[in-house]
Amino acid sequence: MRWSSIWLRNFLVWRKLFVASVLTNLADPLIMLLGLGYGLGALLPSIAGMSYLQFFAAGTLCSATMMTASFESMFSGFSRMHGQKTWDAILYAPIVIDDIVAGEVVWAASKAWLSGATILAVVAVFGLAASPIVILALPFAFLVGLAFASVGLIMTVLAKNWDFFSFYMTLVMTPMTMISGVFFPAEQLPRPVLAVAQALPLYHGVELVRPLVVGRLPGQIGVHVTVLVAYAAVGYAIAIYFARRRFSA
Amino acid sequence: MIVLRARALRKRYGELEVVSGLDLDVQAGECFGLLGPNGAGKTTTLRLCLGLTDPDGGDIELLGEPVPSRAREARARVGVVPQFDNLDPDFTVAENLQVFARYFSLGSIDTKLPQLLEFAGLAGREDARITALSGGMKRRLTLARALINDPRLLVLDEPTTGLDPQARHLIWERLRRLTQEGKTLVLTTHFMEEAERLCHRVAIMDHGRLIAIGSPRDLIAQHTEPHVVEVHGNGVDAWLSRARGVAPRVERVGDTVFAYASEVAPVLATLEGRRELSYLHRPASLEDVFLKLTGRDLRD
């Protein structure tokens with residue numbers, strides 16, 4: 001549990017900047033959700049047996065969770081690691097780089113989970129959720145957070161400068177968001193593109209959360225959870241490998 | 001008792017061997033100085049000894065623990081002051097200490113805090129933001145942070161680089177206080193004056209090896225003549241050849257001639273009546289030893 005002191009450090013800083021942090025993390029997805037959901041939703045018939053607003057809310061919950069996990073693990077993580085040299089200072093204590101990577105991943109996932117949970121609260125308040133079963137989206141949101149935090153941290157420990165992240169954002173995250181069923185059903189994509197989406201974590205997050213919003217249990221829970229857990233676990237292992245190389249070589 | 005022992009230590013970065021077969025023993029209770037020009041391998045040596053960098057060869061024992069395999073356990077009883085301040089800018093002075101204590105799995109530091117703040121000369125400043133502190137205050141807070149776990153060994157990498165004389169003297173006073181309390185100190189420095197004032201023993205390092213080790217006084221006695229006369233001005237060339245006759249070692253650096261001698265009277269006699277020359281007679285220092293052993297070429 002040595003990683004928990006790193007988690008706590010980040011939490012204490014977050015608490016200080018609570019208002020700004022919550023605003024930036026939530027305002028964006030909520031504006032998108034309400035703007036696109038209501039605006040575009042008025043033009044669209046129901047999708048897969050639900051209103052477009054419901055459909056898009058489930059997608060936004062996952063994409064916002066992904067965004068928060070990625071931003072926190074990459075930009076904030078890089079600032080702590082490279083800019084402020086906070087990691088260097090922590091390593092003087094009886095802490096090893098593996099503990100820091102673990103603390104950062106769990107922290108970014110926690111913050112991401114909060115984004116997802118807040119969107120879920122909005123979904124509930126607006127009466128978009130069909131049944132209390134929607135609460136099951138909470139653990140899945142944490143899993144989505146873990147998967148993207150781990151992958152984000154790989155980028156962080158490999159990064160030489162800030163520009164490095166824009167490759168990942170532009171070439172991976174943006175197209176992934178387009179094909180993972182956030183804005184429209186992924187099933188209408190050409191088969192090879194759908195296969196790519198299914199190999200990536202966001203699609204599985206959406207597949208888990210969307211049925212819950214309309215009051216159904218998701219199908220193939222095992223598959224979706226396994227993919228997310230695999231991204232989290234393998235990503236974590238890779239992040240540790242490169243973090244050790246960066247710090248103790 | 002040996003607090004830190006290194007044997008045949010090696011570290012290579014690409015083509016360059018930064019530490020090449022270094023042996024080191026630091027005794028409990030001493031202040032040990034590691035001196036060397038830029039790029040001599042001082043910081044890398046410290047990082048290796050702390051288990052922060054993996055060596056390519058050799059053995060390290062820190063407070064009885066093998067490093068790097070049990071470096072984590074050893075570091076629980078070590079304090080580190082890095083070359084560049086890495087205080088947490090998101091926290092206040094007191095929060096920096098409290099957050100750092102948690103990395104050592106220490107609980108509340110409320111009882112220790114007043115004492116640490118007093119030591120750092122930051123009493124009454126516990127709620128100050130890091131950005132509001134001067135360079136000297138940041139250094140002292142970094143020093144207080146390194147004492148959070150009441151370490152037996154304190155490792156300091158250039159503790160006074162970039163500080164003004166007032167701030168430097170205050171750090172020296174604090175470091176002497178720590179030595180008097182029985183703590184072991186290992187520090188690197190570029191300032192020979194600092195090493196002479198603080199260190200019981202110093203090691204001079206160059207190209208990844210120790211080239212001399214001993215007390216500052218012994219090193220001066222062993223490696224250089226006790227008197228130095230520095231001369232410059234028009235006609236210094238003419239004087240240089242006369243100086244060679246009376247001083248065993250004479251060096252010219254730019255427009256200044258350094259004459260090193262055991263007997264200073266004959267050297268000063270050659271300067272009498274030469275009003276065109278300015279000169280300074282001083283006792284030999286660790287800096288003279290350092291320059292003799294590592295050369296006067298720039299290292300950058």
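Residues numbered from 1 in each chain as written. Chains lettered and ligands numbered in written order. Predicted model: local features only at pLDDT ≥ 70, side-chain atom pairs only at ≥ 80, totals over all residues.

A.B. asks: Residues and numbers for the overall build of chain A, please.
C.D. replies: A tally of helices and strands in chain A yields ten helices and zero strands. The secondary structure elements of chain A, listed N-terminal to C-terminal, are α-α-α-α-α-α-α-α-α-α. Expected size for 249 residues packed as a compact globule is a radius of gyration near 18 Å; at 18 Å, chain A falls within 12% of this value. Of all intrachain contacts in chain A linking residues separated by at least 6 positions in sequence, the fraction that spans at least 24 positions is 77%. (Helix = DSSP H or I, 4+ residues; strand = E, 2+ residues; numbered from the N terminus. Rg over C-alpha atoms; globule rule 2.2 N^0.38 Å. Contact = placed C-beta atoms within 7 Å.)

A.B. asks: Summarise the nonpolar core; cite the residues concerned and give the values.
C.D. replies: Counting 153 residues, the largest nonpolar core has A:Leu61, A:Val105, A:Ala109 and A:Val209 as its most contacted members. The contacts of A:Val209, once residues within four sequence positions are left out, are A:Ala58, A:Leu61, A:Cys62, A:Ala137 and A:Phe140. (Core = buried A, V, L, I, M, F, W, Y, C linked by C-beta atoms within 7 Å. Buried ≥ 20, exposed ≤ 12 C-beta atoms within 10 Å, placed from the backbone.)

A.B. asks: Residues and numbers for unusual backbone geometry, please.
C.D. replies: Residues and elements named next belong to chain B. The omega angle of the peptide bond from valine 67 to proline 68 is 10 degrees, so this bond is cis rather than trans. Mapped onto the elements of the fold, proline 68 is located in the loop between β5 (65–67) and α2 (71–75). A positive phi angle, close to 50 degrees, is found at leucine 63, a residue other than glycine. Structurally, the position occupied by leucine 63 is in the loop between β4 (57–62) and β5. A tally of 21 C-beta atoms within 10 Å means that leucine 63 is categorised as buried. You will see that histidine 207, though not glycine, has its phi angle at about 50 degrees, which is positive. Here histidine 207 is to be found in the loop between β9 (201–206) and β10 (209–214).

A.B. asks: Any details on the packing of helix α6 (residues 137–158) of chain A against helix α10 (residues 221–248) of chain A? Residues and values, ideally.
C.D. replies: Residues and elements named next belong to chain A. Between α6 and α10, whose axes approach to 8 Å, the crossing angle comes to 25 degrees. As far as their axial angle goes, α10 and α6 are roughly parallel. The crossing of α6 and α10 is left-handed. Contacts between α6 and α10 involve Leu143, Val144, Leu146, Ala147, Ser150, Val151, Leu153, Ile154, Val157 and Leu158 from the first element and Val225, Leu228, Val229, Tyr231, Ala232, Gly235, Tyr236, Ile238, Ala239, Phe242, Ala243 and Arg246 from the second. Its residues placed into classes, the contact of α6 with α10 shows 19 nonpolar, two polar and one charged. (Axes fitted to C-alpha atoms, helices over the stretch in contact; angles between N-to-C directions. Parallel < 35°, antiparallel > 145°, perpendicular 65-115°, else oblique. Left-handed = near helix turned anticlockwise from the far one by under 90°. Nonpolar A, V, L, I, M, F, W, Y, C, P; charged D, E, K, R; others polar.)

A.B. asks: A description of the sheet that holds strand β1 (residues 2–13) of chain B should follow, citing residues and the corresponding values.
C.D. replies: All names here are of chain B. Strand order across the open sheet formed by four strands is β2-β1-β4-β5, with antiparallel pairing between neighbours. For this open sheet the edge positions go to β2 (16–27) and β5, each flanked by a neighbour on one side alone. Between one strand and the next, the sheet's axes are offset by a mean angle of 20 degrees, whatever the strand orientation. Taken together, the five bridges between β1 and β4 define a ladder with antiparallel strand orientation. Across the sheet, arginine 5 pairs through a bridge with glutamate 61, a residue of β4. (Pairing = 2+ DSSP bridges.)

A.B. asks: Provide a residue-level description of α6(A), including the pertinent values.
C.D. replies: In this model α6(A) runs 32 Å from its N-terminal to its C-terminal C-alpha over 22 residues, within 8% of the 32 Å that 1.5 Å per residue would give. Within α6(A), 19 of the 22 residues are buried, leaving the element largely enclosed by the surrounding structure. (Expected span 1.5 Å × (residues − 1).)

A.B. asks: Report on the packing of helix α2 (residues 18–43) of chain A against helix α3 (residues 52–83) of chain A, specifying residues and quantitative values.
C.D. replies: Residue and element names in this part refer to chain A. α3 packs onto α2 with a crossing angle of 160 degrees between their chain directions and a minimal axis gap of 10 Å. The angle between α2 and α3 places the two elements in the roughly antiparallel class. Crossing hand, α2 versus α3: right-handed. On α3, the residues touching Asn25, Pro29, Met32, Leu33, Leu36, Gly37, Tyr38, Leu40 and Gly41 of α2 are Tyr52, Leu53, Phe56, Ala57, Thr60, Ala64 and Thr68. Looking at the contact of α2 with α3 residue by residue, the class counts come to eleven nonpolar, five polar and no charged.

A.B. asks: Give a detailed account of the sheet that holds strand β8 (residues 184–189) of chain B, specifying residues and quantitative values.
C.D. replies: Residues and elements named next belong to chain B. With mixed pairing, six strands are arranged side by side in an open sheet as β6-β7-β8-β3-β9-β10. Of all the strands in the sheet, just β6 (78–81) and β10 have a single pairing partner and so form its edges. Put simply, the sheet's adjacent strands are angled 15 degrees from each other on average, direction ignored. Those strands touched by helix α5 (residues 135–146) are β6 and β7 (153–157), and its axis lies near 165 degrees from that of β6. Contacts from helix α8 (residues 216–223) reach β9 and β10, with the element oriented near 105 degrees to β10.

A.B. asks: An account of the confidence of the model for chain A is needed here, citing residue identities and associated values.
C.D. replies: When pLDDT is averaged along chain A, the result is 94, and 100% of the positions lie at 70 or above. Within chain A, α2(A) has the poorest average pLDDT of any element, 83, and α6(A) the best, 98. (pLDDT = per-residue confidence, 0-100.)

A.B. asks: Give a detailed account of the environment of B:Glu17, specifying residues and quantitative values.
C.D. replies: All names here are of chain B. The residue glutamate 17 is located in strand β2 in this model. Among the residues examined, glutamate 17 registers 16 C-beta atoms within 10 Å and is labelled partly exposed. Between the alpha carbons of glutamate 17 and histidine 232 there is a distance of 39 Å; along the sequence they are 215 residues apart.

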